[in-house]
Amino acid sequence: MPLTTIAKLLQEARHVVVFTGAGVSAESGIPTFRDALTGLWSRFDPAQLATAEAFRADPGLCWGWYEWRRLKVLQAQPNAAHLAIAELAQHVPKPTVVTQNVDDLHERAGSQDVIHLHGSLRAPRCIDCGHAHVTSLPSNELPVDGCRLEPPRCAECNGYIRPGVVWFGEMLPESAWSAGLTAAGNCDLFFSIGTSGVVFPAAELPLRALGAGARVVHVNPVRFEVSGQEVFLQGPASVMQELVESAFG
Ligand code: APR
């Protein structure tokens, strides 16, 4: 479907949901999970580091990976996609941003009430007792020469501090998941941007929107098959800027 036709859908939409994955932050320099990594982390598979078992088996490696990502995010700026998504609030009656990302680039671009399905890099907690840990700014503690970094210890029970993200095998935060489901079930236009759509239950949301009669638009530089009712807009996430300009000038 041409961009101008999608822009028309946007003009007419009453409730727009923007569902994002790692690809929306790629143009800010944050690597995605399933595109090949380069440099320091190229020999690791992020999916292998994203479990409680992986953390328990090698806390330093797992903590080092998430601290490296946290540093990348701190150094990054929101890109044109984050900004265009935030700008939607000025043009459409009810935009809802639901993200799988654990960075804060949507918020820094100006989006409000962002629903984080997979937690946040900014909310580490004790793996044993759950006590929240206040993050320090990165310093020379970061894994610069190697990948491992000993996690801090809990002030309450001396357990290891783990990243505040949702790992494989863990439940999504209940309120975020239920807000995501409600938004997907009530919207009339649903954008799925920069996600491989392979991680459930998050990947259910586009299906939920489709089932409820919404138009679903996938934005991705890599083309994949979609059903006849869905729309594919091929391009990087920043094509959202073009779309918002085309719809609202
Ligand atoms: N713009 C838009 N999309 C892009 C861009 C870009 N510039 N660059 C890459 N992509 C696309 C890729 O083609 C791919 O479809 O972004 C997607 C990234 O996919 P994943 O790395 O699988 O990220 P995501 O879908 O967010 O992963 C889901 O998996 O490990 C977990 O918890 C983690 O939240 C994450 C979840």
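Our subject is the structure that appears above.
These notes cover the structure that comes with them.

What counts, and where the lines are drawn
Residues numbered from 1 in each chain as written. Predicted model: local features only at pLDDT ≥ 70, side-chain atom pairs only at ≥ 80, totals over all residues. Heavy atoms only, no water. Helix = DSSP H or I, 4+ residues; strand = E, 2+ residues; numbered from the N terminus. Rg over C-alpha atoms; globule rule 2.2 N^0.38 Å. Buried < 20%, exposed > 50% of the residue type's maximum accessible area, 1.4 Å probe, protein only. Contact = heavy atoms within 4.5 Å. Areas by Shrake-Rupley, 256 points an atom, 1.4 Å probe, with all protein chains shown as cover. Lys, Arg positive; Asp, Glu negative; His and termini not counted. Charge placed at Lys NZ, Arg CZ, Asp CG, Glu CD. Near = heavy atom within 4 Å. Polar contact = N/O pair within 3.5 Å; in protein donor to acceptor, adjacent residues only side chain to side chain. 1 Å grid on protein atoms, 1.4 Å probe; cavity = no way out; pocket = protein on both sides within 12 Å on 5 of 7 lines; lining within 4 Å. Sits in = over half its atoms within 2 Å of the grid points. Domains from an automatic or database assignment. Salt bridge = Lys/Arg side-chain N within 4 Å of Asp/Glu carboxyl O. Pairing = 2+ DSSP bridges. Points joined across faces, edges and corners; volume = space filled by probe spheres on them. Nonpolar A, V, L, I, M, F, W, Y, C, P; charged D, E, K, R; others polar.

Examining the overall build of the protein
The number of helices and strands found in the protein is 9 helices and 8 strands. Taking 2.2 N^0.38 as the reference for a compact globule, 249 residues should give roughly 18 Å; the C-alpha atoms of the protein span a radius of gyration of 19 Å, in line with that estimate. Dimensions of the protein, computed from C-alpha atoms along their principal axes, come out at roughly 55 × 35 × 30 Å. When burial is assessed residue by residue, the protein has 51% of its 249 residues classed as buried. Within the protein, residue pairs in contact and separated by at least 24 positions form 72% of the contacts whose partners lie at least 6 positions apart. For the protein, the accessible surface area stands at approximately 11900 Å², while carbon and sulfur atoms represent 51% of it. Positive and negative side-chain charges of the protein, numbering 18 and 25 respectively, have mean locations separated by a distance of 1 Å.

Some thoughts on the site of the ligand
Near the ligand, the surroundings consist of 21 residues, among which A22, F33, R34, T195 and S196 are the closest. Measuring from an oxygen atom of the ligand, one finds a backbone N or O atom of Q100 at 3.2 Å. The separation between a nitrogen atom of the ligand and a polar main-chain atom of A237 is 2.8 Å. Protein chains shield 90% of the accessible area of the ligand, which is 730 Å² for the free molecule. The cavity that encloses the ligand is the largest pocket. Both domains that meet at the shell around the ligand, namely domain 1 (1–30 + 78–120 + 171–249) and domain 2 (31–75 + 125–162), each give it at least three residues.

A word on the pattern of salt bridges
Using the criterion set out here, one finds 8 salt bridges in the structure. For the salt bridge of D188 with R14, the shortest nitrogen-to-oxygen distance reads 3.5 Å. In this pair, D188 sits in the loop between α7 (174–186) and β6 (189–193) while R14 sits in the loop between α1 (3–12) and β1 (15–20), placing the two residues 174 residues apart along the sequence. Between D128 and R56 there is a salt bridge; the shortest N-O distance is 3.3 Å. Pair noted here: D128 is in the loop between β4 (125–126) and β5 (161–162) and R56 is in helix α3 (residues 52–57), with a separation of 72 residues, a long-range link. Through salt bridges with shared partners, one network takes in D104, R108 and R122.

Remarks on the environment of V73
Inspection of the secondary structure puts V73 in helix α4 (residues 59–75). Excluding residues within four positions of it along the chain, V73 makes contact with I30, D103, D104, R108 and L121.

Considerations on the sheet that holds β6
Pairing is parallel in the open sheet, where 6 strands are placed in the order β3-β2-β1-β6-β7-β8. Both outer strands of the open sheet, β3 (115–116) and β8 (230–234), are each paired with one neighbouring strand and no more. Pairing geometry for strand β7 (residues 215–220) and β8, over 5 bridges, is parallel. Residue pairing for β8: V219 is matched across the bridge by L233.

Observations regarding empty space enclosed by the protein
Empty pockets left among the atoms are what a rolling probe the size of a water molecule brings to light. In total, this model carries 2 cavities of 30 Å³ or more according to the counting rule given. Its boundaries defined by the atoms lining it, the largest cavity holds a volume of some 60 Å³. Looking at the largest cavity, the residues that line it are A22, I30, F33, R69, V73, N101, V102, D103 and L121. Its residues placed into classes, the lining of the largest cavity shows 6 nonpolar, 1 polar and 2 charged.

Read these as spatial facts, not as claims about activity.
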